[in-house]
Amino acid sequence: MGDYVIEADRLTKWYDGNVGCRDISLKVPRGVVFGFLGPNGAGKSTFVRTLLGLIRPTSGTGSILGQPIPSVFSRDKVGYLPELFRYPDWMTGKQLLKLHADLCGVSRAGRTKIIHNLLERVGLHQRGDEKIRGYSKGMQQRIGLACALLGDPEVLFLDEPTSALDPIGRKEVRELVSTLQDEGKTVFLNSHLLSEVESVCNHVAIIDKGRLVVQGDWRKLSAVKTEVEVTISGVTDRFWEASQGLVLNREQLDQWEGKSSWRVTLSDDQQIPALVSELTAHKLEVYQVTPKKQNLEDIFMYWITRKENVSDVDHR
Ligand SMILES: Nc1ncnc2c1ncn2[C@@H]1O[C@H](COP(=O)(O)OP(=O)(O)OP(=O)(O)O)[C@@H](O)[C@H]1O
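On a predicted model such as this, the values are computed, not experimentally measured, just so you know. (Residues numbered from 1 in each chain as written. Predicted model: local features only at pLDDT ≥ 70, side-chain atom pairs only at ≥ 80, totals over all residues.)

Summarising burial for strand β12 (residues 249-256): 0 of the 8 residues are buried, a small minority. For β12 and strand β13 (residues 259-266), the ladder comprises 7 bridges, and the chain directions are antiparallel. Each residue of the ladder has a partner; that of glutamine 252, found in β13, is tryptophan 262. Where β12 hands over to β13, the hairpin turn is made up of 2 residues, of which glutamate 257 adopts a positive phi near 40°. (Buried ≥ 20, exposed ≤ 12 C-beta atoms within 10 Å, placed from the backbone. Helix = DSSP H or I, 4+ residues; strand = E, 2+ residues; numbered from the N terminus. Pairing = 2+ DSSP bridges.)

Below, the structure written as structure tokens:
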């Protein structure tokens, strides 16, 4: 089996002439948490459902765990939490898990313990005997997560796993995802919550209007110039003129008691020492030099709002 757990080659799905996802090629290495991102309607769920064999691709190919899709073998080792799910609400949480255990062939021996552990894992251990109709949305999402984990899958597809959860629940699911990764599982995570994706994923793919825009380690996808906040005193126009080659742009943020703070744009972070040297060479008093850290949201917005779509494929 290759190093890639999920592979797609130009996977395409059209719905009656409307694009669902188009020409998406990607490779997900084993053991990573892979963030699959895109605005509403970008084609994330379509891509996942196509990979899972729930809908037929119009063209292109894919494989999970080395098995071409759709494959019964790979489904056996895959857990899936769909975005829109509805469970029989007359069942209790435990009954639902027993039903799913039957469906995915979990052996009867040890089943009670497995279900008990799963309920504990998703924070529902005291609510397993209650009917699902009495569950809150967040509890329904937790029981869905437990269903996805039944059968101890090697690969998990989680479509918006925290959309109904409160901040505590989100933190718990983040921790659960990290634990799953520690156990060697591969997690394919669709989410709009970029701050969450940022904290659990290194690898991401961003799609828009059905097409892949970019993929790779999100910290390396930054194509935005470096921004630095500086607080100085004694700055003159002469200084800015002298540093034209270095400072690509500047914006004054504040001014008080002879000091001023600026947001300065440099071509990259290698230029920060040069900026500091330039400031001191001009005998300016430097109170603060703080590079602005880019978060996943900055990077997402950059790639989604830029004019031309360029694929930067990085499978490391
Ligand atoms: N069953 C369907 N029939 C027709 N069009 C569909 C169907 N499912 C999705 N689409 C269309 O395909 C496109 C991609 O939808 P999809 O649900 O895959 O996007 P998404 O990125 O998962 O969106 P969201 O973040 O809002 O869940 C949208 O234009 C959507 O309207």
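Picking up after the structure, the text goes on.
The interhelical angle for the contact between helix α3 (residues 93-103) and helix α5 (residues 137-149), taken along N-to-C directions, is 25°, at an axis separation of 10 Å. With respect to α5, the axis of α3 lies roughly parallel. Handedness of the α3/α5 crossing: right-handed. Only Ile143, Ala146 and Cys147 of α5 make contact with α3, whose side of the interface consists of Gly93, Leu96, Leu97 and His100. (Axes fitted to C-alpha atoms, helices over the stretch in contact; angles between N-to-C directions. Parallel < 35°, antiparallel > 145°, perpendicular 65-115°, else oblique. Left-handed = near helix turned anticlockwise from the far one by under 90°. Contact = placed C-beta atoms within 7 Å.)

Sheet architecture is open: 4 strands sit in the order β12-β13-β11-β14, paired in antiparallel fashion. Each edge of the open sheet carries a strand with a single partner, namely β12 and β14 (285-291). On average, each strand axis in the sheet is tilted by 20° relative to the strand beside it, whichever way the strands run. Against the sheet, helix α9 (residues 272-281) engages β11 (226-233), β13 and β14, with an angle of about 170° to β14.

Okay, the nonpolar core next. One finds Ala146, Val187, Phe188, Leu189 and Ile206 to be the most contacted residues of the largest nonpolar core, which totals 66 residues. The element best represented in this core is α5, accounting for 7 residues. If near-sequence neighbours (up to four positions away) are discounted, alanine 146 is found in contact with Leu97, Leu118, Leu119, Val122 and Leu124. (Core = buried A, V, L, I, M, F, W, Y, C linked by C-beta atoms within 7 Å.)

To continue, consider the site of the ligand. Around the ligand, the neighbouring residues are Tyr15, Asn18, Gly20, Gly38, Asn40, Gly41, Ala42, Gly43, Lys44, Ser45, Thr46 and Glu83. Mapped onto the shell around the ligand, the elements with two or more residues apiece are β2 (18-29) and α1 (44-51). Each residue belonging to the shell around the ligand can be placed in one class, and the counts come to 2 nonpolar, 8 polar and 2 charged. (Near = placed C-beta within 6 Å. Nonpolar A, V, L, I, M, F, W, Y, C, P; charged D, E, K, R; others polar.)

What follows concerns the environment of valine 289. Checked against the element boundaries, valine 289 lands in strand β14. Once the C-alpha coordinates of valine 289 and valine 200 are considered, the two residues, 89 residues apart in sequence, prove to be 29 Å apart. In contact with valine 289, other than residues within four places in its own chain, are Val228, Val230, Ile272 and Val276.

As a further point, take the environment of histidine 203. Residue position: histidine 203 is located in strand β9 (residues 203-208). When the 20 C-beta atoms within 10 Å are taken as the criterion, histidine 203 is described as buried. Residues histidine 203 and phenylalanine 34 lie 169 residues apart in sequence; the distance between their C-alpha atoms is 5.1 Å. The contacts of histidine 203, once residues within four sequence positions are left out, are Val32, Phe34, Gly35 and Asp217.

With that out of the way, let us pick up α5. Owing to its 3.6 residues per turn, the α-helix aligns residues three or four sequence positions apart on the same side. Its 13 residues give α5 an end-to-end C-alpha distance of 19 Å, which sits within 8% of 18 Å, the value for a rise of 1.5 Å per residue. In terms of burial, α5 is largely enclosed, as 10 of its 13 residues are buried. All of the buried residues along α5 are Met139, Gln141, Arg142, Ile143, Gly144, Leu145, Ala146, Cys147, Ala148 and Leu149. Those residues of α5 that are buried are in contact with β6 (78-81), α3, α4 (111-121) and β7 (155-159). (Expected span 1.5 Å × (residues − 1).)

Moving on, we get to the environment of alanine 42. One can find alanine 42 in the loop between β3 (33-37) and α1. You can call alanine 42 buried: it has 23 C-beta atoms within 10 Å. In this structure, the C-alpha to C-alpha distance between alanine 42 and glycine 20, residues 22 residues apart in sequence, is 7.7 Å. If we ignore the near neighbours within four places in the chain, the residues touching alanine 42 are Ile207, Asp208, Lys209 and Gly210.

Taken residue by residue, the protein chain gives an average pLDDT of 88. The fraction at 70 or more is 95%. With a pTM of 0.81, the predicted complex shows an ipTM of 0.97. (pLDDT = per-residue confidence, 0-100.)

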